[in-house]
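A look at the structure
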Amino acid sequence: MKARKTEKTVVCTRVVGTTSRPHAKGTYIVRLSGANQDKLGIKNKAYVNIAYGAFTVLARLVVDETWDDDDSIRMDQTVRTAIGLEAILQGQGHARLEYTEDGTATLEHPILIRPARFKGPGLLARLVKQQHLVCLSHIAMSEDMEKPIVRLSRDSMDVLGIEAGDKVLLITEKTQRSYRCLVLEPQKGVQLPTKIMMSLAPKTHCPLPDDPNLRLPWITADLQIRKEIGVEPWQAVLVGRDPAHALTAELNTGVTAIAISALGAAVALPSHPTWQIAIFAAAVIGISVFICLKIRSRI
């Protein structure tokens, strides 16, 4: 993948695993030397785009000040898997992966790292301690075609802390958008990836480890959704709970209690009709606004 000319890019020819994960905070990290951070011109803990061949993934940068190997990058297992590298280093006898121009090493391409457009979770997401998953984009099931929904497995939804019908944020290099999420339950006899997905698999390497236990979770989405977020089948998507939707759902009980209290206060002030009307009107407006927000959150 070629980086845009206006962007700073670091090229690494060696990949090793992460030995520690400081400042991960619900996402996945890569580690670079301080010199490479300076080349990228970004702050520590910023997000970077990691590219290997046709595959890219977003990850959080954690600089290792004690590490001066500018040709290497340390990657979490999830990040390696997302771009089609070995999930378990040393599994094939490789303690590290390397690229050489003569093509005799274990990497077909060098690793390209550049600053990401995604600046990280917003304030609300940070306040609720957002958890993210890296998922692989899968075409929608036949029953979901032309519907603005995505599907995740029950296990993935449990990790994110969501229920069927809640909204999730799909985060890519291009954008982040919110969609309603349902449980991914393929029909009997249907296994993921489907035959159609396999026909769309890249001609070179593919991010699908032989061991099913090491594979990243799938997220199914219709063509229109994939176009909106700028991903193709087999490409990685960062998925998190939609914090605004989650907050709206949690406020339901609290807002109702406040509204009832306000109405009770209005009734309890018979000698102050002006205050009575003002409190009653405020309660009605508050309830109406919340109802509208609640309805919108379900769309």
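Structure shown above.
First things first, this report covers the structure right here in the doc. (Residues numbered from 1 in each chain as written. Predicted model: local features only at pLDDT ≥ 70, side-chain atom pairs only at ≥ 80, totals over all residues. Heavy atoms only, no water.)

Concerning the overall build of the protein chain
What the protein chain contains, in helices and strands, is 8 helices and 14 strands. Looking at the protein chain as a whole, 44% of its 299 residues are labelled buried. Pairs at least 24 residues apart make up 76% of the contacts formed inside the protein chain by residues separated by at least 6 positions. Of the roughly 16200 Å² of accessible surface on the protein chain, a fraction of 56% belongs to carbon and sulfur atoms. (Helix = DSSP H or I, 4+ residues; strand = E, 2+ residues; numbered from the N terminus. Buried < 20%, exposed > 50% of the residue type's maximum accessible area, 1.4 Å probe, protein only. Contact = heavy atoms within 4.5 Å. Areas by Shrake-Rupley, 256 points an atom, 1.4 Å probe, with all protein chains shown as cover.)

As for the nonpolar core
Grouped together as the largest cluster of nonpolar side chains are 65 residues, with contacts concentrated most on I50, I73, M75, I111, I113 and L170. Top element by residues in this core is strand β5 (residues 55-64). It accounts for 6 residues. The contacts of M75, once residues within four sequence positions are left out, are V15, V16, G17, T18, I29, V30, I50, R80, I83, L85 and I111. (Core = buried A, V, L, I, M, F, W, Y, C linked by side-chain atoms within 4.5 Å.)

Description of the sheet that holds strand β10 (residues 149-152)
Spatial ordering of the closed barrel is given by β9-β13-β10-β12-β11-β14, a layout of 6 strands whose pairing is mixed. The average angle at which neighbouring strand axes cross in this sheet is 45°, direction not considered. Two elements, strand β9 (residues 132-139) and strand β14 (residues 236-241), share 5 bridges in a ladder whose sense is antiparallel. When the sheet's bridge partners are listed, V134 is paired in β14 with L238. (Pairing = 2+ DSSP bridges. Axes fitted to C-alpha atoms, helices over the stretch in contact; angles between N-to-C directions.)

Quick look at the packing of aromatic side chains
Under the criterion given, the structure shown has 2 aromatic pairs. With a centroid separation of 4.9 Å and 70° between ring planes, the pair formed by Y47 and F118 is classed as edge-to-face. Pair noted here: Y47 is in strand β4 (residues 47-52) and F118 is in the loop between β8 (111-115) and α3 (123-127), with a separation of 71 residues, a long-range link. Here the two residues Y47 and F118 agree in accessibility, since each one is buried. Ring centres of W218 and W234 lie 5.4 Å apart, and the angle between their planes is 75°; this geometry places the pair in the edge-to-face category. One end of the pair, W218, is in strand β13 (residues 218-221); the other, W234, is in the loop between α6 (223-229) and β14, with 16 residues separating them in the sequence. Residue W218 shares its accessibility class with W234, and that shared class is buried. Between R74 and the ring centre of W67, over which it is positioned, the NZ or CZ distance is 4.5 Å. (Phe/Tyr/Trp six-rings, centres within 6.5 Å; stacked < 30°, edge-to-face > 60°. Lys NZ or Arg CZ within 6 Å of the ring centre and 35° of its normal.)

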